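A look at the structure
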Amino acid sequence: MKSRILVTGVNGQVVTALREAATDRPDVELIWLGRPDFDLSDTENITDKIVAAAPHVILSVAAYTAVDNAESDESTATSINAVAVGEIAEGAARLSIPVIHLSTDYVFDGTKPSPYLETDKPNPTSAYGRSKLAGEQVLAARLQNHIILRTAWVYSPFGKNFLKTMLSLAETRDHLRVVSDQRGNPTSAIDIAEALLVIAGNLLTDKDPGLRGTFHMSGTGEATWAEFAEQIFQASERLGGPTAQVEHIPSSQYPTPAKRPANSRLDCGKLEQVHGVRLPDWRSSTELVVRRLMRQSSN
Ligand SMILES: NC(=O)C1=CN([C@@H]2O[C@H](COP(=O)(O)OP(=O)(O)OC[C@H]3O[C@@H](n4cnc5c(N)ncnc54)[C@H](O)[C@@H]3O)[C@@H](O)[C@H]2O)C=CC1
């Protein structure tokens, strides 16, 4: 029997990667609920629509992801990232199915000197981080059969992300100033999508409570944004694409409305131990994404 997997969102980085990942999986039937028919800011109808779709598992991917805009629009961010997640949990509870929910490194304040563990206390410093933490809490309170997967620094050939911004800026500039006092784990949406399908399979075949709960899932290896940019340009230059010199600057020289954690690194050992999932090294995945974008632009 095919696993019927409901994904929230119809586009965006991870959703698009999931569409691709499912195309060569005859054992998986992906269904999407997204705008305009399914709007997470219209929290009234979410539960009924989920129940009507009758999935075996839900991948809760869609979110209000405009980190800086959330500072001046926290109520919308909270409605989409937390209140709606409670309604998704309610739908799952009615169907007795699991929810796998994506969350973020921004639930932490970044003051820890080493990678964050699932047991570390969240302390978000931004409105977006607070809204995502509230989503985690509402899900955990309403549905035992859940996984919260915190990821970070997502990039891909799709949608908007740092990697695509760097390549596009390098088309017109030969020198870029990039923040070098924030450290994290760049994570490819393509790798996230593959992992989500494995983890969904694990939940559908095994009722063990040990497989449920909160897990960290980011690319293997770490970087600052400046180092990430340098790696992108190295790959791009090798493949005949645009490149630029990267000047390392402190965050104080690149002020943003939302405060970002200085340390975003996530310890992903628990996910590997419990689910057998370890995402590839961020450098090799960066190369793959740059390669794909180069191919697309030459077609
Ligand atoms: N992008 C990043 O660097 C990180 C993302 N995450 C989390 O990963 C998940 C996926 O992120 P991305 O794919 O990068 O996001 P994205 O911004 O590329 O896509 C967001 C998706 O949410 C949908 N969406 C937004 N508002 C909606 C609404 N009111 N109703 C229905 N759908 C709505 C969009 O249509 C889109 O499908 C999100 O839950 C995000 O919080 C976690 C850590 C880092």
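Scroll up for the structure.
In short, a report on the structure. (Residues numbered from 1 in each chain as written. Predicted model: local features only at pLDDT ≥ 70, side-chain atom pairs only at ≥ 80, totals over all residues. Heavy atoms only, no water.)

Scanning the protein for helices and strands turns up nine helices and 12 strands. Its C-alpha atoms put the protein at 55 × 40 × 40 Å along the principal axes. In the protein, buried positions account for 53% of the 299 residues. About 13300 Å² of surface is accessible on the protein, with carbon and sulfur atoms providing 49% of the total. Averaging the locations of the 30 positively and 36 negatively charged side chains of the protein gives two centres separated by 1 Å. (Helix = DSSP H or I, 4+ residues; strand = E, 2+ residues; numbered from the N terminus. Buried < 20%, exposed > 50% of the residue type's maximum accessible area, 1.4 Å probe, protein only. Areas by Shrake-Rupley, 256 points an atom, 1.4 Å probe, with all protein chains shown as cover. Lys, Arg positive; Asp, Glu negative; His and termini not counted. Charge placed at Lys NZ, Arg CZ, Asp CG, Glu CD.)

Of note, S114 is situated in the loop between β4 (99-104) and α4 (127-142). By relative accessible area, which is 30% here, S114 ends up partly exposed. In the structure, S114 is positioned 96 residues away from L18 in sequence and 31 Å away in space, judged by C-alpha atoms. Once residues lying within four places of it in the same chain are set aside, the contact partners of S114 are N263 and R265. (Contact = heavy atoms within 4.5 Å.)

With that settled, consider the layout of surface pockets. In this model, the second largest pocket occupies a volume close to 190 Å³. Along the wall of the second largest pocket there are 16 residues; nearest its centre are G219, T220, G221, L266 and C268. Residue composition of the lining of the second largest pocket, by class: five nonpolar, six polar and five charged. (1 Å grid on protein atoms, 1.4 Å probe; cavity = no way out; pocket = protein on both sides within 12 Å on 5 of 7 lines; lining within 4 Å. Points joined across faces, edges and corners; volume = space filled by probe spheres on them. Nonpolar A, V, L, I, M, F, W, Y, C, P; charged D, E, K, R; others polar.)

Our focus in this paragraph is the sheet that holds β4. Pairing is parallel in the open sheet, where six strands are placed in the order β2-β1-β3-β4-β5-β10. This sheet does not close on itself; its edge strands, each paired only once, are β2 (28-33) and β10 (213-216). The mean angle between the axes of side-by-side strands here comes to 25 degrees, regardless of whether they run parallel or antiparallel. Examined bridge by bridge, strand β1 (residues 3-8) and β2 share six bridges and lie parallel to one another. Paired with L6 across the strands is I31, a residue of β2. (Pairing = 2+ DSSP bridges. Axes fitted to C-alpha atoms, helices over the stretch in contact; angles between N-to-C directions.)

With that settled, consider unusual backbone geometry. P36 follows R35 through a cis peptide bond whose omega is 5 degrees. Take P36: it is sitting in the loop between β2 and α2 (46-53). Positive phi values are uncommon outside glycine, yet A54 reaches one of about 50 degrees. Within the secondary structure, A54 sits in the loop between α2 and β3 (57-60).

Let's shift gears to the pattern of salt bridges. Inspection of every chain in the model, using the stated rule, returns 18 salt bridges. The residue D68 makes a salt bridge to R260 at a minimum N-O spacing of 2.6 Å. You can see D68 sitting in the loop between β3 and α3 (74-95) and its partner R260 sitting in the loop between β12 (245-249) and α8 (269-275), a full 192 residues away along the chain. The partner of E87 in a salt bridge is R142, and the shortest N-O contact between them spans 3.9 Å. Taken as a pair, E87 in helix α3 and R142 in helix α4 lie far apart in primary sequence, 55 residues in all. (Salt bridge = Lys/Arg side-chain N within 4 Å of Asp/Glu carboxyl O.)

Near the ligand lie 25 residues; those nearest to it are N11, D39, L40, T65 and Y128. In this structure, A63 approaches the ligand through a main-chain N or O atom, which is 3.2 Å from an oxygen atom. Considered on its own, the ligand offers 840 Å² of accessible surface; in the complex 87% of this is hidden by protein. Elements supplying a minimum of two residues to the shell around the ligand: α1 (13-23), β4 and α4. Here the element with the most residues in the shell around the ligand is β4; it accounts for three residues. (Near = heavy atom within 4 Å. Polar contact = N/O pair within 3.5 Å; in protein donor to acceptor, adjacent residues only side chain to side chain.)

Time to look at the packing of aromatic side chains. Scanning the model with the defined rule gives eight aromatic pairs in all. Summarising the aromatic geometry, the rings of F228 and W282 are spaced 5.6 Å apart at their centres and angled 90 degrees between planes, so their arrangement reads as edge-to-face. Here W282 lies in helix α9 (residues 282-298) and F228 lies in helix α7 (residues 225-238), a separation of 54 residues in the sequence. Owing to a relative accessible area of 0%, F228 belongs among the buried residues under this scheme. (Phe/Tyr/Trp six-rings, centres within 6.5 Å; stacked < 30°, edge-to-face > 60°.)

Shape descriptors only; they carry no functional weight alone.
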